[in-house]
Amino acid sequence: MHLGSPGNLSQLNAEAPWEDFNPTAYVDHNYRKVIQEDREIISIVRAHFGDHFRAHPNRPVRGIDVGAGANLYPAFSMLPWCDEITLLDRAEQNVEYLERQQGGYDQVWDAFWDLFCTDEAYAALQGDPRDRFKEVTEVENGDLFALSGRRENWSLGTMFFVAESLSTSHEEFWQAVECFLLALTPGAPFAAAFMEHSEGYFVGDTHFPACDVGEPEIRSAIEVHAERQRLKIFTVGQPNAVRDGYTSMIVACGFRARGN
Ligand SMILES: C[S@@+](CC[C@H](N)C(=O)[O-])C[C@H]1O[C@@H](n2cnc3c(N)ncnc32)[C@H](O)[C@@H]1O
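Heads up: these notes are all about the structure in this document. All figures in this text were calculated on a predicted structure; none of them were measured in a lab.

**Considerations on empty space enclosed by the protein**
Under the definition given, this model contains one cavity of 30 Å³ or more. Each pocket or cavity is described by its volume, and for the largest cavity that value is around 350 Å³. Lining the largest cavity are 28 residues, and of these Trp18, Gly67, Asp89, Phe161 and Val162 lie nearest its centre. At the level of elements, strand 1 (61-66) and strand 2 (82-89) are the ones that each hand at least two residues to the lining of the largest cavity. Residue composition of the lining of the largest cavity, by class: 17 nonpolar, seven polar and four charged.

**Details of the packing of aromatic side chains**
According to the stated counting rule, one finds 24 aromatic pairs in the structure shown. Taking 5.2 Å as the distance between ring centres and 80° as the angle between the ring planes, the aromatic pair formed by tryptophan 81 and tyrosine 122 counts as edge-to-face. Pair noted here: tryptophan 81 is in the loop between helix 3 (73-78) and strand 2 and tyrosine 122 is in helix 6 (residues 120-123), with a separation of 41 residues, a long-range link. Take tryptophan 81 and tyrosine 122: they sit in the same class, and that class is buried. Measuring from centroid to centroid gives 5.6 Å for tyrosine 105 and phenylalanine 133, while their planes differ by 85°, and the two rings are edge-to-face. Taken as a pair, tyrosine 105 in the loop between helix 4 (92-102) and helix 5 (110-116) and phenylalanine 133 in helix 7 (residues 129-136) lie far apart in primary sequence, 28 residues in all. Here the two residues tyrosine 105 and phenylalanine 133 agree in accessibility, since each one is buried.

**Concerning the site of the ligand**
Taken together, 24 residues surround the ligand, and among them Tyr26, Tyr31, Gly67, Asp89 and Leu144 come closest. With respect to the ligand, the backbone of alanine 68 contributes an N or O atom lying 3.3 Å from a nitrogen atom. A distance of 3.4 Å separates a nitrogen atom of the ligand from a polar backbone atom of arginine 90. For the ligand, the accessible surface in isolation is 590 Å², of which the surrounding protein chains cover 100%. Placement of the ligand is best described as lying within the largest cavity. A per-class count over the shell around the ligand returns 14 nonpolar, seven polar and three charged.

**Considering the environment of phenylalanine 194**
Relative to the elements of secondary structure, phenylalanine 194 occurs in strand 5 (residues 189-196). Looking at phenylalanine 194, the relative accessible area reads 1%, which means it is buried. Along the sequence, phenylalanine 194 and methionine 249 sit 55 residues apart, while their C-alpha atoms lie 5.6 Å from each other. Residues contacting phenylalanine 194, with those up to four places away along its chain left out, are Phe161, Ala163, Glu164, Phe173, Val177, Ile218, Ile222, Ser248, Met249, Ile250 and Ala252.

**Looking at the side chain of serine 167**
Among the structural elements, serine 167 can be located in the loop between strand 4 (156-160) and helix 8 (170-182). Taking the relative accessible area as the measure of exposure, serine 167 reaches 0% and is therefore buried. Side-chain polar atoms of serine 167 contact the side chain of glutamate 172, separated by 2.7 Å. If we ignore the near neighbours within four places in the chain, the residues touching serine 167 are Gln11, Leu12, Asn13, Glu172, Pro209, Ala210 and Cys211.

**Some details on the pattern of salt bridges**
Within the structure shown, the criterion is met by 11 salt bridges. For glutamate 152, the salt bridge identified is with arginine 256, shortest N-O distance 3.5 Å. Here the residue glutamate 152 occupies a position in the loop between strand 3 (137-141) and strand 4, and arginine 256 occupies one in the segment after strand 9 (248-255), the gap between them amounting to 104 residues. For glutamate 227, the salt bridge identified is with arginine 230, shortest N-O distance 2.8 Å. What emerges from the salt-bridge pattern is a single network uniting Asp51, Arg54 and Asp119.

**Re the layout of surface pockets**
Its volume calculated, the largest pocket comes out at about 190 Å³. As for the largest pocket, its lining consists of 14 residues, and the residues nearest its centre are His52, Asn58, Ser155, Gly187 and Pro189. Class assignment for the residues of the lining of the largest pocket results in six nonpolar, six polar and two charged. Approximately 160 Å³ is the volume found for the second largest pocket.

Parameters at a glance
Residues numbered from 1 in each chain as written. Predicted model: local features only at pLDDT ≥ 70, side-chain atom pairs only at ≥ 80, totals over all residues. Heavy atoms only, no water. 1 Å grid on protein atoms, 1.4 Å probe; cavity = no way out; pocket = protein on both sides within 12 Å on 5 of 7 lines; lining within 4 Å. Points joined across faces, edges and corners; volume = space filled by probe spheres on them. Helix = DSSP H or I, 4+ residues; strand = E, 2+ residues; numbered from the N terminus. Nonpolar A, V, L, I, M, F, W, Y, C, P; charged D, E, K, R; others polar. Phe/Tyr/Trp six-rings, centres within 6.5 Å; stacked < 30°, edge-to-face > 60°. Buried < 20%, exposed > 50% of the residue type's maximum accessible area, 1.4 Å probe, protein only. Near = heavy atom within 4 Å. Polar contact = N/O pair within 3.5 Å; in protein donor to acceptor, adjacent residues only side chain to side chain. Areas by Shrake-Rupley, 256 points an atom, 1.4 Å probe, with all protein chains shown as cover. Sits in = over half its atoms within 2 Å of the grid points. Contact = heavy atoms within 4.5 Å. Salt bridge = Lys/Arg side-chain N within 4 Å of Asp/Glu carboxyl O.

What follows is the structure in structure tokens.
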């Protein structure tokens, strides 16, 4: 996700204009073409999930993409192993977008799926990935902060460009990371992506807030509920490469801690 901002006035999650989030403008700016950053993120996440499930082919797996918005590739990353993937988002237009994609996703997403298929686990998926996406995904209009009431409900999870992109509040950033991780079962693999030092972003003409976090803060927030030894954090891309007002993208791959 990626459009710049002139400034970042203080704004909580409940105050941001989610009803004006335009998925068409969002996809057009961010996902019309596969950029190098997405290639790198996909290769990191593909290896993390692929390697884990080759070693631990446990079934069934329930996945969740938190703040799915108008991005299908986090769900693609979980597709080979899941019987069910919840696509959770609070913005009505994003929910409608995701429901339309269930009926046969747009061609723009084919290039993203093809990148996953360089790993045998994805390439071996039987049938049309559009049918599989439709069968497996469940779109839910909801608030990620309410996940605190649904602990240990999913065994695989993704959350891309959400915790730092939902308000200017550091407290909400921490809460969002916590709600995501606690919604996963102990030992569950996860992948999360962040815009580092984001100053906020536009979707079409509408400005959305962001929280200014760096790699150390992202790491600290995740480490509270993840296995520290197996947490891997990657810096992807250059400052301001896809828009003004951020320094890089950060990808965190790990496993939900056992025992907290
Ligand atoms: C910057 S977009 C990221 C979308 C997508 N995950 C991606 O990778 O491009 C942030 C998303 O978080 C969603 N969001 C914001 N606050 C939320 C909340 N409290 N609960 C669930 N989703 C939320 C927005 O509707 C939006 O889809």
